[in-house]
Amino acid sequence: MEHIVFYTCATASIAAALVVVFQRRTIYSALALIVCFGAMAVLFFQLGAHFIAAIQVIVYAGAIMVLFVFVVMLIDPESEFFAVNRLTRLSLIAVPMALLLGFFLLWTARQFYEPPGEAALAVTGDVGTIARSLFREYVLPFEVTSVLILVAILGAMVLAKRAD
Amino acid sequence: MVPTTHYLILGAILFTIGSLGVIVRRNVITMFMCIELMLNAVNLTFLAFARVFDQVDGQIFVFFVMTVAAAEAAVGLALIVSLSRKTHSVDIDQADTLKW
Amino acid sequence: MLEYFSILLLFPLAGAAICGILGPRLSARSVSWLACGSVFLSFAVAAVAFYELLQLDPAARIARNTLFTWIESGSFTSRASFLLDPLSGVMILIVTGVGFLIHVYSVEYMRGESGFYRYFAYLNLFIFMMSVLVLADNYLLMFVGWEGVGLCSFLLIGYYFATRTAGDAAKKAFIVNRIGDFGFLLAVFLIFQTFGSIDYLEVFAATADRFPVPVEGFGVLGAITLLIFVGAAGKSAQIPLYVWLPDAMAGPTPVSALIHAATMVTAGVYIIARSAALYSRSPETLAIVAGVGILTALLAALIALGQRDIKKVLAYSTVSQLGYMFVGVGVGAWAAGIFHLYTHAFFKALLFLGSGSVILAMHHEQDMFKMGGLKRHLPITWATMGIATLAIAGIPPFSGFFSKDEILWKSLSSDHGSIFFYAVGVTVAGLTAFYMARLMYLTFYGPARFSESGAGAGHSEHGGGHGKPHEPSRLVTIPLLILAVFSFAAGLIGLPPWLGNNSFEQFLQPAFYHAYVGDDHGAHNYALEIALVALVVLLSAFAIWLAHRFYVRFPDTPNRIAERHPLAYALIENKFFVDEIYDTLIVRPIERVSRGFLWKGIDVGVIDALVNGTASSFRNWSHRVKKMQGGFTRAYAAWILLGAILIFIYYFLTV
């Protein structure tokens, strides 16, 4: 059962990713990305990270992607495929390089030795566990992150202001 | 149980696609989306390892990654908006004055 | 005073410093008093110290003043230490005494010149350097003085530095001197290597120990003595390094008198006499010294015959007389050489100063053929110069007679002498008498070949034609008179054996204590000596009479001779083309090499290229490298990706 879920979501996410990369219209890329995030959320759930899965949907797909869509609406970009591509050579090199990277990553993944033991679908990432860890060992990064968010807010406000 | 390796391979594939997109696409927003894709692949890897070693630290890390990604998305998009107002396009190749 | 005699060095040094630094703000009177006063003080100290030296027992007439240790490095020590013995005593008296007279003379001669203070600063500095030279007790300190006088000579010859001739002459003097200095320095190195010290007394004692008898062949002693002679030839204007002296006449006349007649040029003779211990044991070098000396004497005398400029005649005369001095020391007659140095200082300085008086009176006209009949206008100058001419011609009882006779006799009778030296020496004596008489007749006798009313004769800078030539002030005439007295009487302390006692030689004897003395050859043949002396005197008198005929009675004679022997005349008149030969063979090739190879090839091509090349290669590389940052963000992303791949490759290969 798990395998079916896994393979379905895996395929969905890969397909969506390909759409993101190769789609002409920006808005369609954004929507495909949302689909991808959804599939990823299921996978996160399957890995026992319930909290993270929820956060993925709420924050990533729900907030960040909405922001992306807003910006796409705001800017209304025309397709860049109509403009002259100045670095065709780069595109030529990039594909092999990326594939090479992919090869290395896969090879590294193959190196992984799975420790034996049939673990059940353990829920290791429920809210309580995460909260305990977050507010005990990782309270400092937590606080710092809040400052970071503050900075980001201010930055975004300043940057996006109209220059008048 | 799905073997961990599968998750890792999936993460690798997604990462590769994302990196390809970053270099190939010229639309700034699309590039950014590919970056988010890469980040997600990494999150997936972290969670896979968190599960297999039975530690919650991996998930905490993912938590922070997401937070930072959010912040980064906000600022980045603000930059994009400001940039596109200036150059009247979202082609990243048009923004090439920061050079010798 | 003997414990402090070295204080005499302080006065001219201080004088030079004050005149040089504060000079522009001082009046001419102050400068004159300061400069003359400092030299007078030096002379006074020298005189008192000399007197005290005389009171000592003859064998113990040495006083040493050590001021401080200058260099101490391993086994090499050089001290700022000064030696007063008979030889240096005589020299220092000459330097400061004649120097003082010339300072006084210069006050009048240089009146009105801009840079008055500069002149006296340099002149004082010269006295200081020359004093260091003669008083030093080791070769290195002496060399300091040696170089110092060369420097002052350069500065003073080039006093009128704005003119091309003066600048060129100064450079020529310095460069030619330098060639000699190179030899001298090698000699000092060899001395240290051979004897382990450069202190005079230590070296001489070591020489006496190491070489009890003169060496056969040419060993290290021969090398040392020859190299010292190279230096002496440069400084004392012998062949082949004499060419700077005639050109040096471009400087003010008192400078010529002091430096190029009385003192600096005698430094070469002095150092050879001082190193008698070394030379007396090296017969080959002595032969070279005497040979070069006599040839120089001959060559210079021949050239002097044809010169028109009064100062040039005197310059070549100096070269010739220096040749005599070298013959003296070259046959081992150390005292005779120094004796001639001493008498020559007086009459040559007198001749130069007198010519300066003439030049002043003639508004800086120096061509003798434009003078004439000045006897009635410049009586004192005429009389004093006449005395000096008689002295240089070797007419008794003037001083030059005694010193020249001594050298001639010794050149024949000494172990190192030969009849060749004597014969040429006699010839030169005749020539000397002739050209000096010529100078006197052309300048003072005969009809005036210039406008006697004084309507702008010659090149005048002090307002043309301000009256007839007249005797200059007492500041000029008094030194002339004093020098005339010495030119007359100075020889009387060095009487030859058939006339009396040679006190001079006896006095100097202890200074040559370490010199090797061969066996005494028994009694002199007085009759022969007297006969030869009479011969020479008659020859000189004849020469003077002949000059009278040529230049006063029948003034056309020189032209007729010139027509009949055009080649000889051309050679003499053009100084045997020596300068031209040097220019073609040496100066131009060096210039070419310097310009083409050393300048363009090495300096520009290698050194500049190295520096500039480094800079431009940096620029080129950075030009290439900076193109990496093209502003294309996607390229940056690609580079990052590449970096990640490289890390993976490394990981891939090492696992």
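Residues numbered from 1 in each chain as written. Chains lettered and ligands numbered in written order. Predicted model: local features only at pLDDT ≥ 70, side-chain atom pairs only at ≥ 80, totals over all residues. Heavy atoms only, no water.

## Describing unusual backbone geometry
All names here are of chain C.
Next, step 1: Put simply, I239 and P240 share a cis peptide bond, and its omega is -5°.
Next, step 2: Note that P240 resides in the loop between α8 (220–235) and α9 (244–247).
Next, step 3: Cis geometry marks the peptide bond from P396 to P397, where omega comes out at -10°.
Next, step 4: Tracing the backbone through its elements, the reader meets P397 in the loop between α16 (379–393) and α17 (399–413).
Next, step 5: The phi angle at A237 is positive, at roughly 55°, despite the residue not being glycine.
Next, step 6: Considering the arrangement of structural elements, one finds A237 in the loop between α8 and α9.
Next, step 7: Unusually for a residue other than glycine, F577 sits at a positive phi of about 55°.
Next, step 8: Residue placement: F577 occurs in the loop between α23 (566–573) and α24 (578–626). (Helix = DSSP H or I, 4+ residues; strand = E, 2+ residues; numbered from the N terminus.)

## A few points about the pattern of salt bridges
Residue and element names in this part refer to chain C.
Next, step 1: Counted under the stated rule, the structure contains 16 salt bridges over all chains.
Next, step 2: A salt bridge links E591 to R595; the nearest nitrogen and oxygen atoms lie 3.3 Å apart. A residue pair is termed a helical-turn pair when its members lie 3 or 4 positions apart in one helix, as E591 and R595 do in helix α24 at four residues.
Next, step 3: Its relative accessible area of 42% is what places E591 among the partly exposed residues.
Next, step 4: When its relative accessible area of 46% is taken as the criterion, R595 is described as partly exposed.
Next, step 5: A single salt-bridge network, built from bridges that share partners, covers K172, D247, K575 and D579. (Salt bridge = Lys/Arg side-chain N within 4 Å of Asp/Glu carboxyl O. Buried < 20%, exposed > 50% of the residue type's maximum accessible area, 1.4 Å probe, protein only.)

## Points about helix α15 (residues 334–361) of chain C
Residue and element names in this part refer to chain C.
Next, step 1: In this model α15 runs 40 Å from its N-terminal to its C-terminal C-alpha over 28 residues, within 8% of the 40 Å that 1.5 Å per residue would give.
Next, step 2: Of all the bends in α15, the greatest, near 30°, is centred on H344.
Next, step 3: Of all 28 residues making up α15, 27 are buried, and the element is well covered by its neighbours.
Next, step 4: H363 sits one or two positions beyond α15 and adopts a positive phi of about 55°. (Expected span 1.5 Å × (residues − 1). Bend = angle between axes of the 7 residues up to and from the residue.)

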